[in-house]
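The primary structure of each chain is shown beneath.
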Amino acid sequence: MPESTQDQLFSLLSDQTINRKQFTFHGDPLPSTLKTPSKLVVLSSGTPNDGFFPINSIQLGITKKPHTPTSESFAIEKHANEEDLLDIKDAFQYGPTEGHPQLLKFLKSFINEVNRPKYDSWDITLTNGTGDSLNKVFNLLVNPGDVVLVESFTYKPVLNNIVNYGGIPYPVSINYGIEGDHGIDVEKLTNLLENWETINPDKKKPKALYTIPTGQNPTGLTISQENRAKIYELAKAHNFIVIEDDPYGYIQLGEYTDGIHNVYDTEIPYKRFIEEILPSSYIQQDNSGHVIRLESFSKTFAPGSRIGFIVAHKRFIKEIIKYAQVSNRAPSGISQIIISNFINQIGGIKGWIDWNIQVSKAYTERKNVLLKTLYNSSSFKKGQFNIVEPKAGMFAIIDINFPNAKEDYRKDIEELRYKILESGVVVVYGKNFAVNDDIAKGSKFIRITLANSVDTDQIKEGGEKLVEGIEKYFESISA
Ligand code: PLP
Ligand code: PMP
């Protein structure tokens, strides 16, 4: 990467980041000329000997498909004699801020194969999940008064992460119609950036764009490859970072079929899943360091693991690690040993992708059952709503066709909400994800989750109750 590109990239770092000192533990380095006995007795370190740990082994019963019984079990030991296995002695001890080498090694080879940037000086650090990554990334970049672009409907907690550093979240329009482009409206974004000084004379040009490119929360939508490429070019041209938050990317929902049968009925080789089914991420186009990618084990392993990771330019990763040293120090070693040895046990990248395929298959069945229920309903046939089909993730939205177009739907949505609750189903409304009140007013969609239900029967029941509620609402307004 040319030095001028790097200088421009590093100009985006926050003052807090630039001023943070490198922390050195116990101070003094050993002089290189010093002659020491080959074996040093350690009386320096406050790390309890592993004999103090109350657990000697952990038995993991694993399942190869969601919602199925244990098909295999294995033990994690205190003294694993294999290089790729993390053992209890190390995992239960204080660990490296960036994560234990076994899990990091896996993630580096995984990213190399699945989501590799187009430059060499990238790196990875583990975090305590994407919620934690978001705090770290905005700490890295944001000075008070800095602008961060966000999708007009987004994962709401991120706004607090931005405001926490004095940043200003600024909404960009997204398309979520049943036809046409999905995701960020590139034309509007281009226009906004090209005319920033005229449109926002009192605001600095944006430092970052926070986006959920695949299976977006709340819309469930996935932005096209062409638009990803255009947005990346904008990031380079206007020198801002694309923060790609992708917790849903590995959950790929096949095309809608009328029933539970789907693309996953025939076995998909893991290489094909990687090469043909997964969309190419922003970071796979990145040759300039302008993308920071956030991944999480929450959706495809377990949210309680609190493990995620960041892929970015190695300078950015270095600065994030310095911040982690003054905040949460390191992700849980106990979580890491379970994830790391589980993935090792199921066969590394192939095994992990195979599990993601099984998760994708289960979500695809749920999505098809839900869509079938909705499409077959009399409410849909009467044109009371549109469905925006998701290609990835765990969310779908349905847009209500209120009889009169309005600027403010909030009262109507509130009445609809009561009818839907009376029918016995809980959903969330687009307005709850709107970046500001104006956007909330114009919102008339419902977000449905495929994740919480026990099975497809419950999804079907939920879908039936939902359409019943919608129909009752329409009856009530025509009465
Ligand atoms: N980012 C988005 C877009 C999310 O929807 C979520 C939770 O679903 C998170 C981040 C939080 O992820 P984590 O559990 O890894 O903190
Ligand atoms: N709690 C936390 C901390 C989360 O990150 C999420 C996922 N977004 C949830 C709960 C579930 O929230 P939602 O229903 O919006 O997906």
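Residues numbered from 1 in each chain as written. Chains lettered and ligands numbered in written order. Predicted model: local features only at pLDDT ≥ 70, side-chain atom pairs only at ≥ 80, totals over all residues. Heavy atoms only, no water.

- An unreviewed UniProt entry annotates the protein chain as Aminotransferase class I/classII large domain-containing protein originating from Wickerhamomyces mucosus.
- Its UniProt record gives the protein chain the following Sequence similarities (unreviewed entry) comment, quoted word for word: "Belongs to the class-I pyridoxal-phosphate-dependent aminotransferase family."
- Within the UniProt record for the protein chain, the comment given under Cofactor (unreviewed entry) is "pyridoxal 5'-phosphate". (UniProt positions renumbered as here; feature names shortened; annotations may be inferred.)

## Here we look at the pairing of strand β10 (residues 291-296)
Moving on, step 1. Most of β10 is tucked away, with 6 of its 6 residues classed as buried.
Moving on, step 2. Looking at chain direction, strand β9 (residues 241-245) and β10 are connected through 4 bridges and run parallel. Paired with D245 across the bridge in β10 is L294.
Moving on, step 3. Since β9 and β10 lie parallel, the crossover through helix α10 (residues 270-277) that links them has a hand, and here it is right-handed.
Moving on, step 4. Judged from the 4 bridges that link them, β10 and strand β11 (residues 308-313) form a sheet pairing that is antiparallel. What sits directly across from S296, in β11, is G308. (Buried < 20%, exposed > 50% of the residue type's maximum accessible area, 1.4 Å probe, protein only. Helix = DSSP H or I, 4+ residues; strand = E, 2+ residues; numbered from the N terminus. Pairing = 2+ DSSP bridges. Right-handed = clockwise from strand over helix to strand, strands pointing away.)

## So, the site of ligand 1
Moving on, step 1. Surrounding ligand 1, one finds 14 residues, the nearest of these being D245, Y248, S296, S298 and K299.
Moving on, step 2. In this structure, an oxygen atom belonging to ligand 1 sits 2.9 Å away from a side-chain N or O atom of N217.
Moving on, step 3. The residue inventory of the shell around ligand 1, partitioned by class, reads 5 nonpolar, 6 polar and 3 charged. (Near = heavy atom within 4 Å. Polar contact = N/O pair within 3.5 Å; in protein donor to acceptor, adjacent residues only side chain to side chain. Nonpolar A, V, L, I, M, F, W, Y, C, P; charged D, E, K, R; others polar.)

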